[in-house]
Amino acid sequence: MTSPNTLIFMELAIQQAKLALDALEVPVGCVIVEDGKVIASGRNRTTETRNATRHAEMEAIDVLLEQWQKNGLSMTEVAKKFSNCSLYVTCEPCIMCASALATLGIKDVFYGCSNDKFGGCGSILSLHLKDTASLNKGFKCAGGIMATEAIILLRTFYDQGNPNAPKPHRPLAHQATT
Amino acid sequence: MTNNNLILHIPDEPPHDLHHQPTVSVFASSIDPKHANQIVRRLNQIAPLEDLRHVKRIQKKVLEGGQIQLSVILCLAYEGDNQLDHVPPLLQELISSYQLSPFITKVCKYAATSKEEWQEQCKFWPTSYHPRTYNIDGITGFSEEDSQSVLKFMQSAVELATSDGLVVNAAVIVDPSAKQIISTARDEVFSWNTCKDESCYRKSDLSSSHPISNSLDPQKLLHLRSSCNHLKQSYARVGCLYPWQWAEQQSHSESSYYCHPLRHAAIVSIESSAARDRHLFPNDESSKEKNLESDHESLSTSSSSKRQKTVCATVEGDDKLNAQSQTSNQIEDNDKLNTHSQTSNLLSARPYLCTGYDIYLVWEPCTMCAMALVHQRIRRIFYAFPNPKTGALGSVYRLQGEKSLNHHYAVFRVLLPEEALHKCDT
Ligand SMILES: [Zn+2]
Ligand SMILES: [Zn+2]
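Computed from a prediction, not measured in an experiment: that's the story for all the values here. (Residues numbered from 1 in each chain as written. Chains lettered and ligands numbered in written order. Predicted model: local features only at pLDDT ≥ 70, side-chain atom pairs only at ≥ 80, totals over all residues. Heavy atoms only, no water.)

**As for the overall build of chain B**
Here is step 1 of the chain: Along chain B, the regular secondary structure elements total 11 helices and 10 strands.
Here is step 2 of the chain: Burial statistics for chain B: of 426 residues in total, 50% are counted as buried.
Here is step 3 of the chain: Summarising the internal contacts of chain B: among those between residues at least 6 apart in sequence, 74% fall at separations of at least 24.
Here is step 4 of the chain: For chain B, the accessible area works out to roughly 21300 Å², and carbon and sulfur atoms hold 51% of it. (Helix = DSSP H or I, 4+ residues; strand = E, 2+ residues; numbered from the N terminus. Buried < 20%, exposed > 50% of the residue type's maximum accessible area, 1.4 Å probe, protein only. Contact = heavy atoms within 4.5 Å. Areas by Shrake-Rupley, 256 points an atom, 1.4 Å probe, with all protein chains shown as cover.)

**Concerning the coordination of the zinc ion (ligand 1)**
All names here are of chain A.
Here is step 1 of the chain: Protein coordination at the zinc ion (ligand 1) comes from His55 (ND1), Cys94 (SG) and Cys97 (SG), with a distance range of 2.1 to 2.3 Å.
Here is step 2 of the chain: One chain supplies every donor to the zinc ion (ligand 1), and in sequence these donors are spaced H-x38-C-x2-C. Here Cys97 lies in helix 5 (residues 95-104) and His55 lies in the loop between helix 2 (46-49) and helix 3 (56-70), a separation of 42 residues in the sequence. Each member of the pair His55 and Cys97 is classed as buried. (Donors = N, O, S within 2.8 Å, 3.2 Å for Na, K, Ca; no water.)

**Focus: the coordination of the zinc ion (ligand 2)**
All names here are of chain B.
Here is step 1 of the chain: Around the zinc ion (ligand 2), the protein contributes the donor atoms Cys240 (SG), His264 (ND1), Cys366 (SG) and Cys369 (SG), at 2.1 to 2.3 Å from the metal centre.
Here is step 2 of the chain: Its four donor atoms give the zinc ion (ligand 2) angles of 103 to 120 degrees at the centre, a pattern that matches the tetrahedral case.
Here is step 3 of the chain: Given the relative accessible area of 2%, Cys240 is considered buried.
Here is step 4 of the chain: With a relative accessible area of 1%, His264 lands in the buried category. (Tetrahedral: all angles 85-135°; square planar, octahedral: opposite > 155°, others 65-115°.)

**Points about the domain arrangement of chain B**
Here is step 1 of the chain: We note that the domain assignment places domain 1 (23-124) and domain 2 (137-194 + 233-245 + 257-280 + 350-425) within chain B.
Here is step 2 of the chain: One C-alpha centre belongs to domain 1 of chain B, the other to domain 2 of chain B, and the line joining them spans 46 Å. (Domains from an automatic or database assignment.)

**Overview of the packing of aromatic side chains**
All names here are of chain B.
Here is step 1 of the chain: Within the structure shown, the criterion is met by 12 aromatic pairs over all chains.
Here is step 2 of the chain: Relative to Tyr360, the ring of Phe153 lies with its centre 5.4 Å away and its plane at 40 degrees, an arrangement referred to as tilted. With Phe153 in helix 4 (residues 144-161) and Tyr360 in strand 8 (residues 358-363), this pair connects stretches of sequence that are 207 residues apart. The same class applies to Phe153 as to Tyr360, namely buried.
Here is step 3 of the chain: By the ring-pair criterion, three or more aromatic residues cluster together here, those being Phe142, Phe153, Tyr360, Phe382 and Phe412.
Here is step 4 of the chain: The residue whose ring lies beneath Arg237 is Phe190, and the NZ or CZ to ring-centre distance is 4.1 Å. (Phe/Tyr/Trp six-rings, centres within 6.5 Å; stacked < 30°, edge-to-face > 60°. Lys NZ or Arg CZ within 6 Å of the ring centre and 35° of its normal.)

**Some words on the interface of chain B and chain A**
Here is step 1 of the chain: Every contact between the two is made by 56 residues of chain B and, on the other side, 54 residues of chain A.
Here is step 2 of the chain: Linking chain B with chain A are one salt bridge, by the criterion used here.
Here is step 3 of the chain: A salt bridge links B:Asp277 to A:Arg50; the nearest nitrogen and oxygen atoms lie 3.5 Å apart.
Here is step 4 of the chain: At the junction of chain B and chain A, the tally comes to 12 residue pairs in polar contact (both at pLDDT 80 or more).
Here is step 5 of the chain: Residues belonging to the side of chain B that touches chain A are distributed by class as follows: 22 nonpolar, 22 polar and 12 charged. (Salt bridge = Lys/Arg side-chain N within 4 Å of Asp/Glu carboxyl O. Polar contact = N/O pair within 3.5 Å; in protein donor to acceptor, adjacent residues only side chain to side chain. Nonpolar A, V, L, I, M, F, W, Y, C, P; charged D, E, K, R; others polar.)

**Focus on the nonpolar core**
Here is step 1 of the chain: A:Phe82, B:Ile359, B:Met368, B:Leu373, B:Leu399 and B:Tyr409 are the most contacted members of the largest nonpolar core, which has 96 residues in total.
Here is step 2 of the chain: When residues of this core are assigned to their parent elements, the largest contribution, eight residues, is made by helix 5 of chain A.
Here is step 3 of the chain: Ignoring any residue separated from it by four or fewer positions in sequence, one finds B:Tyr409 in contact with B:Ala370, B:Leu373, B:Val374, B:Ile378, B:Arg379, B:Arg380, B:Ile381, B:Leu393, B:Leu399 and B:Gln400.
Here is step 4 of the chain: Among the nonpolar cores identified, the runner-up in size contains 32 residues, and B:Phe142, B:Leu151, B:Phe153 and B:Phe385 belong to it. (Core = buried A, V, L, I, M, F, W, Y, C linked by side-chain atoms within 4.5 Å.)

Okay, here's the thing in structure tokens:
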């Protein structure tokens, strides 16, 4: 079951992915939600920064870390904040981002399409699972939310190659499977 | 002891116990040598051994009296399946037309990674052994000169890690073809400078042209006086070792620095090598083109496999270039080159991300850092100390052996005594 809110937040993540596409970046986007409110968003910036680690998740996380500490929050308080946050991202977090999200102790992650080659939430590694040996508390994870839309954006990017080519209209049918 | 004994390659696969290598069951049958060619040709069509490419289809035994006995693998036999019921119909036909009598035998599941493994494997059933085909310097051993240089760079990393009262992880990214440091970083988990302005990119980082000084003596690390040993160091601040430690920080730091739980040394060094790239090559158009080869490409359709090949070809090409420049022009005095000529030198050989670069880390990286180094296309990783609880290059995971990833680096451990981390207060 996908709640209507889940779709609303994923729609916002997709909008972030579109911003990435417009900027000739791999179209992946995300939003971070606390208490039903979007508190940060991010999109892929690997081309602009020439830093292949600047994934959407990392961009959004950095915004929060800076903001919260500017507001005087201690690390204990920051940890508490993250444990109350949900991430909505158009593509399954990669191994790096999944590991980062576990390190931050995020509450849960909702993603669109799965990431067959780099996925860290079940596709290649399962870093969202609790692991007592390493003290990883893991996080809840659900995929397949508006996966079609996420894939269409990625195909637009890779298949057309030409950034000026017309983008397909946003499909209205939602095919959430979780 | 020579220096090259101090550098161990960490292979893609965990080492198997030589005498207990994993096996799988197969149906095999002895065949008449006269029909061998026909049968094997037919078998390759109707029952190819997809996951057992290292296993030879035919076993040849010379019996007493010089008579030759040939056996052939028909297909995989599934667990607890001693019947031929599940054998595909076309194979059933072949069995009956040549009047074969199938039996179950075992073959080794994985390709041998060493000659010793291969010799053991052939006791079950012959396999083929191909020593590593891709060519990365060091996998087959380091020259004395190269290992000297590896030890020196590792020493810089250790010095960086211990340069402040608290020991943290440190990273040094190096262009091995020029023996040049590209960027250096310490963990910034507890000392994050949030300044993002490009002007913040310190000039000192650019003077990264400092080639390692010749005064550094790699042997020094190995001959530390035992008087240092009693200093018991705490490694609680090493990001990759204790990624969850950050949340224990009680009060807001007094300094202008913030905390950033994810700013492990490897991540920071990647960031600073990217900043260096942007600074040296401000308007590089080709980078846009190249960055299309990004890490979500797996999600696209068939075109992705083509792109993948292009990436591989590029990487291989770069490796060759590096090997050449390494032998032809041993640039020893980079410090004499001024920034301008350095830039123009680099222009001709501007690498894509960190392609062709090595990274030296004091501790084996965690999963986040190891994957970041895949993304940034690092060529070789050297680390001194393993990370038993969260290490991703052999300890807990082994990303260098994850076949699905689009880039694979070679991983080495540099054997240093732990005392290398203990500074003498003299
Ligand atoms: Zn990622
Ligand atoms: Zn790390």
